[in-house]
Amino acid sequence: MNLIKTTFKELKYFLILWSTQALSQLGSSMTNYALIVWSYTAKGSALTTALLSVCSYAPYVIMSIFAGSLSDKWNKKITMLVSDTFAALCTISIFVLLKTDRLEIWHLYCLNALNGLMNTVQQPASDVAITLLTPKKHYQKVSGLRSFSNALISILTPIIATAVLSFTNLQTIIYIDLFTFVIAFISLTFFVKIPEYKADKNTDSFLSLTKSGLTYLRQNRGILDLILFLACINLIASIYNAAFPAMILSKENGGEIALGTVNAFIGVATLIGSIVASIMSTPKSRVKVICNTLLISMSTENFFLAFGKTLPLWCIGGILGWLCIPIMSANMDVLFRERIPVSMQGRVYAARNTFQFFTIPLGYILGGYLVDKVFEPFMAKNSNTMLSALFGTGKGAGAAFLFLFLAFAGIAICLVFRKDKNIWKLE
C-alpha cells in the first residue's frame, strides 16, 4: 500500500492529465466514428470515407518536421490548451453546419486537414509534457497506461457511438465530445502543473531549431534507424488496414458482425498487452523486445488472415497480431525518452512523426489499389486453380492472397532491421 501511495503521489499530475485527456479523446473518437458513418451513408463510397483519414494525416506528416521547433520554444501547457480549443472550435463548426443542414463532405476534409495541422504542434508538446511530469523510473508504466487508454478507447468508441446513434443522433455525440473537452480543458488549466523547461525560452530561430532536430537524428543513427523500422512496419500495417475490412466483409463466413467481432478481439488483446506492459519488469534488452514483438506480430496474424476461412481463426490471428504491440510501443517509448535530451524532444518527436508516419497514407492508398485492381481481378481469373483452394473463391479471395505477401514482407523487414548495428547500440 505504501508503494501504491508513493507511486500515485509521484504520478499525480500525469494521472490527472492522462485520464482527462483520454476522456476527451474518447469523445473526439466518437465524433470521428459518427462522421465516418454519416459520410458513408451520404456518399456510399469507401474511398470518400478513407480520404477523411488521408486529410488528417497529410498535413500532420508534411508539417511535423517544422512544427517541432515551435513546440520546443512554446510553453507546453499553453500549446496544448490552444490546440485542444482549436479542435473544439472545429467540432462546433461541424455542429453548426449539421444543424443548418449545410454540412458537406468537403467541409469535413478541410476541418480534418486543419486539425491535422494543429496536431503537428500539439502532439510533440504533449509528449514532452509527459516526460516532464514523469519520474524516469516510471517511464515504462506510463507508456503502458497510455497504450491501455488507447486500447480502451478503440473498444468503447464503436460501442458507445453506435448505441447513442441508435437512440438519438449525431448532434448528441457532438454534445458529449464538447462536454469531455470542457473537463479536459479545466483539468489541464487548473489542476496540472507542468514544470517549465529552459527550452521553452529558446531564442534560436525557427529554421535553426528545425535543422538541429534533423541534425540530431543524423548524428544518432540508432534512433533514426528505429524510426525508419517503424515507418516500414506502418506501411505494412496501413495496407493491412485497407485490405482487412474488404476481406472480412466479403468472405462467405464474414460480414459486419464478423468484422465487429474480430475488431473486439483485437481490442481486448491490445488491452491485455497494455496491462502487461504496465506491470512487467524492466527487460534486459529493450531492443530485443521491440524486434521480437514485431516479428511475432508480423509472422502470425497475416498468415491466419490469408489462410483462415472461419471467424475463430480470424480472431486467433487478431489476438496474436496485436497482443505484443503495446509491449513494443512501451519499450520504444522508454528508449526515446531515456536517450533524447528533454530540450530536444519536441523537435525530434516532430521529425519522428514525419519519418515514421508518412508511409501510412501511402499504405492506405496502395492497399486499396492492390485489392481492387490487382489481387481481386487476379483471383477472379484463377478461380479454378490451387490458389482458390488456399484463399477461397469470390470477392475477398484477392484480399486474402494479399495478406500472404504482407506476412512475408513484414517478416523480411523485421529480419533486416534486426541486423542493424546502429539500433543495437541504443542498448
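See above for the structure.
Residues numbered from 1 in each chain as written. Predicted model: local features only at pLDDT ≥ 70, side-chain atom pairs only at ≥ 80, totals over all residues. Heavy atoms only, no water.

Caption draft 1: Quick peek at the overall build of the protein. Assigned secondary structure in the protein consists of 19 helices and zero strands. Computed over C-alpha atoms, the radius of gyration of the protein comes to 22 Å, within 12% of the 22 Å expected from 2.2 N^0.38 for 427 residues, which places it in the range of a compact globule. The dimensions of the protein, computed from C-alpha atoms along their principal axes, are 70 × 60 × 50 Å. The proportion of buried residues among the 427 residues of the protein is 51%. Once local pairs closer than 6 in sequence are excluded, the contacts in the protein between residues at least 24 apart make up 84%. Here the protein carries 35 positive and 20 negative side-chain charges, and the mean point of each set is 7 Å from the other. (Helix = DSSP H or I, 4+ residues; strand = E, 2+ residues; numbered from the N terminus. Rg over C-alpha atoms; globule rule 2.2 N^0.38 Å. Buried < 20%, exposed > 50% of the residue type's maximum accessible area, 1.4 Å probe, protein only. Contact = heavy atoms within 4.5 Å. Lys, Arg positive; Asp, Glu negative; His and termini not counted. Charge placed at Lys NZ, Arg CZ, Asp CG, Glu CD.)

Caption draft 2: Quick peek at the packing of helix H16 (residues 359-381) against helix H18 (residues 397-418). Two numbers describe how H16 lies on H18: the axes approach to 7 Å, and their chain directions differ by 105 degrees. In terms of orientation, H16 lies roughly perpendicular with respect to H18. For the pair formed by H16 and H18, the contact residues are Leu370, Val371, Phe375, Glu376, Phe378 and Met379 on the first element and Ala397, Gly398, Ala399, Phe401, Leu402 and Phe405 on the second. Class assignment for the residues of the contact of H16 with H18 results in ten nonpolar, one polar and one charged. (Axes fitted to C-alpha atoms, helices over the stretch in contact; angles between N-to-C directions. Parallel < 35°, antiparallel > 145°, perpendicular 65-115°, else oblique. Nonpolar A, V, L, I, M, F, W, Y, C, P; charged D, E, K, R; others polar.)

Caption draft 3: Quick peek at the packing of aromatic side chains. Going through the model one piece at a time under the given rule, you end up with 14 aromatic pairs. An angle of 20 degrees between the planes, with centres 5.3 Å apart, marks the rings of tyrosine 240 and phenylalanine 244 as stacked. Placement of the pair is tyrosine 240 and phenylalanine 244 together in helix H9 (residues 221-250), with a separation of four residues, close to one helical turn. A single burial state applies to tyrosine 240 and to phenylalanine 244, both of which are buried. With centroids separated by 5.5 Å and ring planes inclined at 85 degrees, the aromatic side chains of phenylalanine 375 and phenylalanine 401 adopt a geometry described as edge-to-face. One end of the pair, phenylalanine 375, is in helix H16; the other, phenylalanine 401, is in helix H18, with 26 residues separating them in the sequence. (Phe/Tyr/Trp six-rings, centres within 6.5 Å; stacked < 30°, edge-to-face > 60°.)

Caption draft 4: Geometry of the nonpolar core. Residues Leu226, Phe229, Phe244 and Phe403 are the most contacted members of the largest nonpolar core, which totals 75 residues. With 14 residues, the top contributor of residues to this core is H9. Ranked by size, the runner-up nonpolar core spans 22 residues in total, among them Leu52, Leu103, Leu108 and Ile174. (Core = buried A, V, L, I, M, F, W, Y, C linked by side-chain atoms within 4.5 Å.)

Caption draft 5: Molecular detail of the layout of surface pockets. Space inside the second largest pocket adds up to approximately 290 Å³. Lining the second largest pocket are 14 residues; nearest its centre among them are Ile4, Thr7, Phe8, Leu11 and Lys141. Elements represented by at least two residues in the lining of the second largest pocket include exactly helix H1 (2-10), helix H6 (139-167) and helix H10 (256-279). A per-element tally of the lining of the second largest pocket places H1 first, with six residues. (1 Å grid on protein atoms, 1.4 Å probe; cavity = no way out; pocket = protein on both sides within 12 Å on 5 of 7 lines; lining within 4 Å. Points joined across faces, edges and corners; volume = space filled by probe spheres on them.)

Caption draft 6: Region of interest: the pattern of salt bridges. Tallying each qualifying case throughout the model produces six salt bridges. Between aspartate 127 and arginine 352 there is a salt bridge; the shortest N-O distance is 3.4 Å. Here arginine 352 lies in helix H15 (residues 342-357) and aspartate 127 lies in helix H5 (residues 105-133), a separation of 225 residues in the sequence. The buried category is assigned to aspartate 127, whose relative accessible area is 4%. For arginine 352, a relative accessible area of 13% corresponds to the buried category. Ionic contacts of the salt-bridge type, sharing partners, join the residues Asp127, Arg146 and Arg352 into one network. (Salt bridge = Lys/Arg side-chain N within 4 Å of Asp/Glu carboxyl O.)

Caption draft 7: Representation of a nonpolar patch on the surface in the model. A cluster of nonpolar side chains, contributed by Ile62, Met63, Phe66, Leu114 and Leu117, occupies part of the molecular surface with about 410 Å² of accessible area. Ranked by the residues each element gives to the nonpolar patch, the list is headed by helix H3 (residues 46-73), at three residues. Along the chain, the position of phenylalanine 66 falls in helix H3. (Patch = residues over 30% accessible without salt bridge, like charges linked within 9 Å, V, L, I, M, F, W, Y side chains within 5 Å. Areas by Shrake-Rupley, 256 points an atom, 1.4 Å probe, with all protein chains shown as cover.)

Caption draft 8: Seen up close, the packing of helix H4 (residues 76-99) against helix H7 (residues 170-190). Contact geometry for H4 and H7: axes closest at 10 Å, N-to-C directions at 165 degrees. Between H4 and H7, the angle is such that the two are roughly antiparallel. Crossing of H4 against H7: the hand is left-handed. Facing H4, whose interface residues are Lys77, Met80, Leu81, Asp84, Thr85, Ala88, Thr91, Ile92, Ile94, Phe95, Leu98 and Lys99, H7 presents Leu170, Gln171, Ile174, Tyr175, Asp177, Leu178, Phe181, Phe185, Leu188 and Thr189. Along the lines of polarity and charge, the residues of the contact of H4 with H7 split into 14 nonpolar, four polar and four charged. (Left-handed = near helix turned anticlockwise from the far one by under 90°.)

Caption draft 9: Representation of helix H13 (residues 311-322). In this model H13 runs 17 Å from its N-terminal to its C-terminal C-alpha over twelve residues, within 8% of the 16 Å that 1.5 Å per residue would give. Buried residues of H13: Trp314, Cys315, Gly317, Gly318 and Gly321, and no others. End-on, the buried residues of H13 take up no more than an arc of 160 degrees, which puts them together on one face. (Expected span 1.5 Å × (residues − 1). Arc of directions from axis to C-beta.)

Caption draft 10: Geometry of the state of the cysteines. Overall, the coordinates contain zero disulfides when judged by the stated rule. Looking at the unpaired cysteine 315, the closest cysteine sulfur is the one in cysteine 324, lying at 17 Å. Residue cysteine 324 stays outside any disulfide, its sulfur separated by 11 Å from that of cysteine 414, the closest cysteine. (Disulfide = S-S within 2.5 Å.)

Caption draft 11: Geometry of the environment of proline 312. Relative to the helices and strands, proline 312 resides in helix H13. On the accessibility criterion, proline 312 (55% relative accessible area) is exposed.

Caption draft 12: Looking closely at the environment of threonine 20. With respect to the secondary-structure elements, threonine 20 resides in helix H2 (residues 12-43). Taking relative accessible area as the criterion, threonine 20 reaches 10% and is therefore assigned buried. With near-sequence residues (within four places) excluded, threonine 20 lies in contact with Ile183, Ala184 and Ser187. Within the structure, the side chain of threonine 20 is placed 2.7 Å from the backbone oxygen of isoleucine 16, a separation counted as a polar contact. Looking at threonine 20, its side chain comes within polar contact range of the main-chain oxygen of leucine 17, at 3.3 Å. (Polar contact = N/O pair within 3.5 Å; in protein donor to acceptor, adjacent residues only side chain to side chain.)

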